[in-house]
Amino acid sequence: MAKVELKGISKVYDGVVRAVDNVDIVVNDKEFVVFVGPSGCGKSTTLRMIAGLEDITEGELLIDGELMNDVPPKDRNIAMVFQNYALYPHMTVYENMAFGLRIKKFSKDEINSRVHEAARILDIEKFLERKPKALSGGQRQRVAVGRAIVRYPKVFLFDEPLSNLDAKLRVQMRAEISRLHHRLDATMIYVTHDQVEAMTMADKIVVYKDGKIQQTGSPLQLYNYPENKFVAGFIGSPPMNFLTVTVLEEDGGIVIDEGGFRLTVDAKYAEHLKKYVGKELFFGIRPEDLLLSADAEAANSIPLTVSVVEPLGADTTLWLNTKTQTMVARTEPSRNFSVDETLHFVPRMEKARYFDKETELAILPREVSG
């Protein structure tokens, strides 16, 4: 397999629009890296530049140390799996998987061996004589992956391959692609707008926004130590709660004032927030770190009014209102909740995150957050 390096890569359209802006990424040999971000953030454009389907405006692309900027797609030894499968409807599954090998003049025996090996890995041997129209969406996606496998590429590229599948099948295919990665020991780069896919599949996640990389790291690094408010809000489902609060000094400690309640900042963070006394910042707390309390007088207790109840079986998601802001809590399904009911929650303040209101950068360093 291969190491992929992007050094200062940019894509500029019409000399003005910077779809991808000065991106530096290293994808190590056998690594599964996911590019994630909202629609139009530049992640698919980056993938297409790696594939050679888009010209690189600035920077260098290297695969195994070899400069690839001007190398045609067919000579890069990569394979791409598209969102819409891109199968030939008049060909059988076997013919679809064999087509690229025939173009490259492989022998019939080699083609047959590779196609059957890939079909066996993907459990589609029984479909080899069918046409794509006779297959389900998940089966078609397996064929598209099989067509990539038979080429023995250095790098697999996936461009939102599961977005056309229903929710149950997406979960199944997610697991199958992860198993495939471990079975093939392959270098894989995967693009999605679904942060759940990113969290469950990736060795390393690259978070994009507006053509720029916001943060790169393992799923848990991004979840536990987001470097800015965007990453904190994008990674996690339901997303992190953000409240605009004012920092105050009180009785020798630091508190944050929301307007409807005050919270005492955890001691290990207090020193870092002293320079914000009298100023506003964003207080972030994840839904699972809001703990339902029966004691309205408990320290750091927050009164919240229920606006929406979403029972999900294993847990219940509650949409809640302060006097002026909205929060989400994830609770155990141990009781029934009613709309307009007032509940009290105690946030796990040691898990809180704080973000500068102007820059939206995380205020606390990782070693303190940890």
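Check the entry above for the structure.
Right, let's walk through the structure included here. (Residues numbered from 1 in each chain as written. Predicted model: local features only at pLDDT ≥ 70, side-chain atom pairs only at ≥ 80, totals over all residues. Heavy atoms only, no water.)

## Comments concerning the side chain of Thr-187
If you trace the backbone, Thr-187 turns up in strand β8 (residues 187–192). Taking relative accessible area as the criterion, Thr-187 reaches 0% and is therefore assigned buried. One polar contact links the side chain of Thr-187 to the main-chain amide nitrogen of Lys-30, over a distance of 2.9 Å. (Helix = DSSP H or I, 4+ residues; strand = E, 2+ residues; numbered from the N terminus. Buried < 20%, exposed > 50% of the residue type's maximum accessible area, 1.4 Å probe, protein only. Polar contact = N/O pair within 3.5 Å; in protein donor to acceptor, adjacent residues only side chain to side chain.)

## What to know about the sheet that holds strand β6 (residues 78–81)
One open sheet accounts for 6 strands, arranged β6-β7-β8-β3-β9-β10; its pairing is mixed. The open sheet has two free edges, formed respectively by β6 and β10 (212–217), since each of these has just one partner strand. Going across the sheet, the axis of each strand differs from the next one's by a mean of 15 degrees, ignoring polarity. Along the sheet, helix α4 (residues 137–149) makes contact with β6 and β7 (155–159), crossing β6 at roughly 175 degrees. (Pairing = 2+ DSSP bridges. Axes fitted to C-alpha atoms, helices over the stretch in contact; angles between N-to-C directions. Contact = heavy atoms within 4.5 Å.)

## Focus: the packing of helix α2 (residues 93–103) against α4
Two elements in contact, α2 and α4, have axes separated by 8 Å at closest approach and are oriented at 30 degrees. The pairing of α2 with α4 is recorded here as roughly parallel in orientation. Helix-helix and strand crossings are classified by hand; for α2 and α4 the assignment is right-handed. For the pair α2 and α4, the contacting residues are Val-93, Asn-96 and Met-97 in the first and Val-143, Gly-146 and Arg-147 in the second. Grouping the amino acids of the contact of α2 with α4 by side-chain chemistry returns 3 nonpolar, 2 polar and 1 charged. (Parallel < 35°, antiparallel > 145°, perpendicular 65-115°, else oblique. Left-handed = near helix turned anticlockwise from the far one by under 90°. Nonpolar A, V, L, I, M, F, W, Y, C, P; charged D, E, K, R; others polar.)

## Observations concerning the pairing of strand β14 (residues 280–285)
Counting buried positions over the 6 residues of β14 gives 5, a clear majority of the element. Looking at chain direction, strand β11 (residues 241–250) and β14 are connected through 6 bridges and run antiparallel. Bridge pairing links Thr-246 to Glu-280 in β14. In this structure, β14 lies alongside strand β20 (residues 353–356), joined through 4 bridges in antiparallel fashion. Residue pairing for β20: Phe-283 is matched across the bridge by Tyr-354.

## Looking at the environment of Arg-330
Considering the arrangement of structural elements, one finds Arg-330 in strand β18 (residues 326–331). Taking the relative accessible area as the measure of exposure, Arg-330 reaches 28% and is therefore partly exposed. Sequence spacing of Arg-330 and Thr-316 is 14 residues, and the spatial spacing of their C-alpha atoms is 5.8 Å. A polar contact is formed between the side chain of Arg-330 and the backbone oxygen of Ser-237, at a distance of 2.4 Å.

## Focus: the packing of aromatic side chains
What the rule picks out here adds up to 9 aromatic pairs. Aromatic side chains Phe-32 and Tyr-190 sit 5.9 Å apart centroid to centroid with 40 degrees between the ring planes, which places their arrangement in the tilted category. One end of the pair, Phe-32, is in strand β3 (residues 32–36); the other, Tyr-190, is in strand β8, and 158 residues separate them in sequence. Taking relative accessible area as the criterion, Phe-32 reaches 0% and is therefore assigned buried. Taken together, a centroid distance of 6.5 Å and an interplanar angle of 20 degrees make the contact between Phe-156 and Phe-158 stacked. (Phe/Tyr/Trp six-rings, centres within 6.5 Å; stacked < 30°, edge-to-face > 60°.)

## A look at the pairing of strand β16 (residues 302–311)
Relative to strand β19 (residues 342–347), β16 runs antiparallel, the two sharing 4 bridges. When the sheet's bridge partners are listed, Pro-303 is paired in β19 with His-344. Of the strand pairs in this sheet, β16 and strand β17 (residues 316–321) are connected by 6 bridges, and their pairing is antiparallel. The partner of Val-308 across the bridge, within β17, is Trp-319. The turn linking β16 back onto β17 is made up of 4 residues, and Gly-313 within it adopts a positive phi angle of 90 degrees.

Purely geometric numbers; function is a separate question.
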